[in-house]
Amino acid sequence: MRQPRLRTVLIGAGAALALVAGGTAAGAAAFASSGTVYKGCIEGTSRTMEHVYTRTNPPPCPTGSLAATWNQVGQQGLPGPGLLAWAYVNANGTVASSSGNVTVANPGAGSYCIGVTGGTAHVAVASLDSLENTGGTVQAGVFAASGCPANASNILVVTRPQSQDGGFPGVNHAFYIIVS
């Protein structure tokens, strides 16, 4: 069975209700609570959500639509690893700001060795600082990076100019990194 598509961006159940109903988020927050039950119709062919209500006896769904009911409280999910570390790294490899448990070395053009303490790094996501307005690409990998100092060998980040497709050496760029 295909999943339904919503016609709104879900910021929160109350805000979504307000957007679908044509009201405001503040108006929705005034009457929606964690115990609020939402009722809507999933249109049969497009699978879009239509006609969302919170009242006890809403009108029936149109012919060919599927009735759906939900609330703001979902099932408890599995605990995730959470955020382990974050940093803003200058192009020269110095740490401008961080969570306090990040060490960075810049052994060569476009190469950054990153060490994180306080837990095990599982995932790292890096993004170039767009304020430099230089363009380029960035890659981050979580592994024991060879050629890096012992205190900065959990993660390797490589930054390159826009015209370079992979390989070394890269070019130094400032970037943001989050690690979990």
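Just so we're clear, the structure is a prediction, and the values are computed from it rather than from any experiment.

Structural notes on the nonpolar core
Part 1: By size, the foremost hydrophobic cluster in this structure holds 18 residues, and its most contacted members are Ile114, Val116, Ile155, Val157, Phe175, Ile177 and Val179.
Part 2: Filtering out sequence-adjacent residues up to four positions away, Ile114 remains in contact with Val102, Thr103, Val104, Ala152, Ser153, Asn154, Ile155, Val157, Phe175 and Ile177.
Part 3: Ranked by size, the runner-up nonpolar core spans 7 residues in total, among them Ala105, Cys113, Ala152 and Val158.

Looking at the confidence of the model for the protein chain
Part 1: In this model, the protein chain carries an average pLDDT of 78, and 77% of its residues clear a pLDDT of 70 or more.
Part 2: Of all secondary-structure elements in the protein chain, the lowest mean pLDDT belongs to helix H1 (residues 13–21), at 36, while strand E7 (residues 111–116) reaches the highest, 96.
Part 3: Counting contacts from residues 1–32, a segment whose pLDDT is below 50, to residues more than four positions away or on other chains yields 40 contacts.

Side note on the environment of Thr117
Part 1: Within the secondary structure layout, Thr117 lies in the loop between E7 and strand E8 (124–128).
Part 2: Placed 17 residues apart in sequence, Thr117 and Gly100 show a C-alpha to C-alpha distance of 9.1 Å.
Part 3: When neighbours within four sequence positions are excluded, Thr117 is seen to be in contact with Leu84 and Asn101.

A look at a nonpolar patch on the surface
Part 1: A grouping of Leu83, Trp86, Val123, Val125 and Ile178 is seen on the molecular surface, where their side chains present a nonpolar patch of about 460 Å² in accessible area.
Part 2: Within the secondary structure, Leu83 is located in the loop between strand E3 (66–71) and strand E4 (85–89).

Focus: the sheet that holds strand E5 (residues 95–98)
Backbone-to-backbone hydrogen bonds join strands into a sheet, with any given pair of strands oriented parallel or antiparallel.
Part 1: Across the sheet, 4 strands lie side by side as E5-E4-E11-E8; this open sheet has antiparallel pairing. Single-partner strands in this sheet number two, and they are E5 and E8. Going across the sheet, the axis of each strand differs from the next one's by a mean of 15°, ignoring polarity.
Part 2: Direction of pairing for E8 relative to strand E11 (residues 175–179): antiparallel, over a ladder of 5 bridges. Counted as the bridge partner of Ala124 is Val179 from E11.

Description of the environment of Trp70
Part 1: The topology assignment puts Trp70 in strand E3.
Part 2: Each C-alpha atom, one on Trp70 and one on Tyr38, is 5.3 Å from the other, the two residues being 32 residues apart in sequence.
Part 3: Leave out the neighbours within four places in its chain, and Trp70 touches Thr36, Val37, Tyr38, Lys39, Gly40, Met49 and Val52.

Points about the pairing of E4
Part 1: Here E4 lies mainly inside the structure; 4 of its 5 residues are buried.
Part 2: As paired strands, E4 and E11 are joined by 5 bridges and run antiparallel to one another. Within E11, the residue paired with Ala87 across the bridge is Ile177.
Part 3: Pairing of E4 with E5, which is carried by 3 bridges, proceeds in the antiparallel orientation. Bridging across to E5, Ala87 finds its partner in Ser98.
Part 4: Hairpin geometry of E4 and E5 is characterised by an intervening segment of 5 residues between the two adjacent antiparallel strands and by a positive phi of about 95° at Gly93.

Digging into the state of the cysteines
Part 1: Under the criterion given, the structure shown has 2 disulfides.
Part 2: Here Cys41 connects covalently by a disulfide to Cys61, the sulfurs 2.1 Å from one another. Its torsion about the S-S bond being -90°, the disulfide of Cys41 and Cys61 is classed as left-handed. With Cys41 in strand E1 (residues 37–42) and Cys61 in the loop between strand E2 (49–53) and E3, this residue pair connects regions lying 20 residues apart in the sequence.

Thoughts on the packing of aromatic side chains
Part 1: By the definition in use, this model includes 2 aromatic pairs.
Part 2: Residues Tyr88 and Tyr176 carry aromatic rings whose centres are separated by 4.7 Å and whose planes lie at 55° to one another, so their mutual orientation is tilted. Of this pair, Tyr88 sits in strand E4 while Tyr176 sits in strand E11, placing them 88 residues apart in sequence.
Part 3: For the ring pair Tyr112 and Phe175, a centre distance of 4.9 Å and an interplane angle of 65° mean the geometry is edge-to-face. In this pair, Tyr112 is assigned in strand E7 and Phe175 in strand E11, connecting sequence segments 63 residues apart. No difference in accessibility class separates Tyr112 from Phe175, as the two residues are buried.

About the thresholds
- Residues numbered from 1 in each chain as written.
- Predicted model: local features only at pLDDT ≥ 70, side-chain atom pairs only at ≥ 80, totals over all residues.
- Heavy atoms only, no water.
- Core = buried A, V, L, I, M, F, W, Y, C linked by side-chain atoms within 4.5 Å.
- Buried < 20%, exposed > 50% of the residue type's maximum accessible area, 1.4 Å probe, protein only.
- Contact = heavy atoms within 4.5 Å.
- pLDDT = per-residue confidence, 0-100.
- Helix = DSSP H or I, 4+ residues; strand = E, 2+ residues; numbered from the N terminus.
- Patch = residues over 30% accessible without salt bridge, like charges linked within 9 Å, V, L, I, M, F, W, Y side chains within 5 Å.
- Areas by Shrake-Rupley, 256 points an atom, 1.4 Å probe, with all protein chains shown as cover.
- Salt bridge = Lys/Arg side-chain N within 4 Å of Asp/Glu carboxyl O.
- Pairing = 2+ DSSP bridges.
- Axes fitted to C-alpha atoms, helices over the stretch in contact; angles between N-to-C directions.
- Disulfide = S-S within 2.5 Å.
- Phe/Tyr/Trp six-rings, centres within 6.5 Å; stacked < 30°, edge-to-face > 60°.

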